[in-house]
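Report on the structure
Each chain, written out:
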Amino acid sequence: MERKNIKSFDEIMDSEVTEVAMLAEYKPRQHYKFIASLGRMFPTTKQQALNFKWLDVLGKSDVIKIEALLNKHGYNGMYVFTKSRTFCRLSNTNQFKEALKKEYKY
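Structural notes, computed from the coordinates. (Residues numbered from 1 in each chain as written. Predicted model: local features only at pLDDT ≥ 70, side-chain atom pairs only at ≥ 80, totals over all residues. Heavy atoms only, no water.)

Here's the deal with the nonpolar core
In terms of nonpolar packing, the biggest core is built from 20 residues, with L55, L58, I66, L70, Y79, L90 and F96 touching the most fellow members. Contributions of two or more residues to this core are made by helix 4 (60-72), strand 2 (79-81), strand 3 (88-90) and helix 5 (93-104). Among the elements that take part in this core, helix 4 stands out by supplying four residues, more than any other. Setting aside anything within four residues of it in sequence, one finds L70 in contact with Y75, N76, G77, Y79, L90, Q95, F96 and A99. (Core = buried A, V, L, I, M, F, W, Y, C linked by side-chain atoms within 4.5 Å. Buried < 20%, exposed > 50% of the residue type's maximum accessible area, 1.4 Å probe, protein only. Helix = DSSP H or I, 4+ residues; strand = E, 2+ residues; numbered from the N terminus. Contact = heavy atoms within 4.5 Å.)

Spelled out as structure tokens, the structure:
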């Protein structure tokens, strides 16, 4: 079942999605669980990847980071615009979780 509102990486880069990074990156041993529960953290360690639940709205710089990880493991990101079309959301989160598992080997 293909939905018409799903966009590719190139369509997101050509759109009016904001350049602002919405996802934070935390170093090891920093307090990150609250921000992760809001969906505003990009996992950078194995422990953070284990605690990963979901991603909130994304800007272009976030999409670039996510797409790099997905492409490294053979996946392509699919995105949906928010109502305002200034942000987007990742629609294939399961593939992102699989890429995290491959990246951090858990």
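Points about a positive patch on the surface
A cluster of basic residues, K33, K53, K97 and K101, forms a positive patch on the protein surface. Within the secondary structure, K33 is located in helix 2 (residues 33-37). For K33, a relative accessible area of 57% puts it in the exposed group. (Patch = residues over 30% accessible without salt bridge, like charges linked within 9 Å, V, L, I, M, F, W, Y side chains within 5 Å. Areas by Shrake-Rupley, 256 points an atom, 1.4 Å probe, with all protein chains shown as cover. Salt bridge = Lys/Arg side-chain N within 4 Å of Asp/Glu carboxyl O. Lys, Arg positive; Asp, Glu negative; His and termini not counted. Charge placed at Lys NZ, Arg CZ, Asp CG, Glu CD.)

Topic: the environment of W54
With respect to the helices and strands, W54 occurs in the loop between helix 3 (46-50) and helix 4. Beyond its immediate chain neighbours, meaning those up to four positions away, W54 contacts S37, L38 and G39. From its side chain, W54 meets the backbone oxygen of S37 in a polar contact 3.3 Å long. (Polar contact = N/O pair within 3.5 Å; in protein donor to acceptor, adjacent residues only side chain to side chain.)

With respect to the side chain of S15
Along the chain, S15 falls in the loop between helix 1 (9-13) and helix 2. Among residues more than four places away in sequence, those in contact with S15 are K60 and F81.

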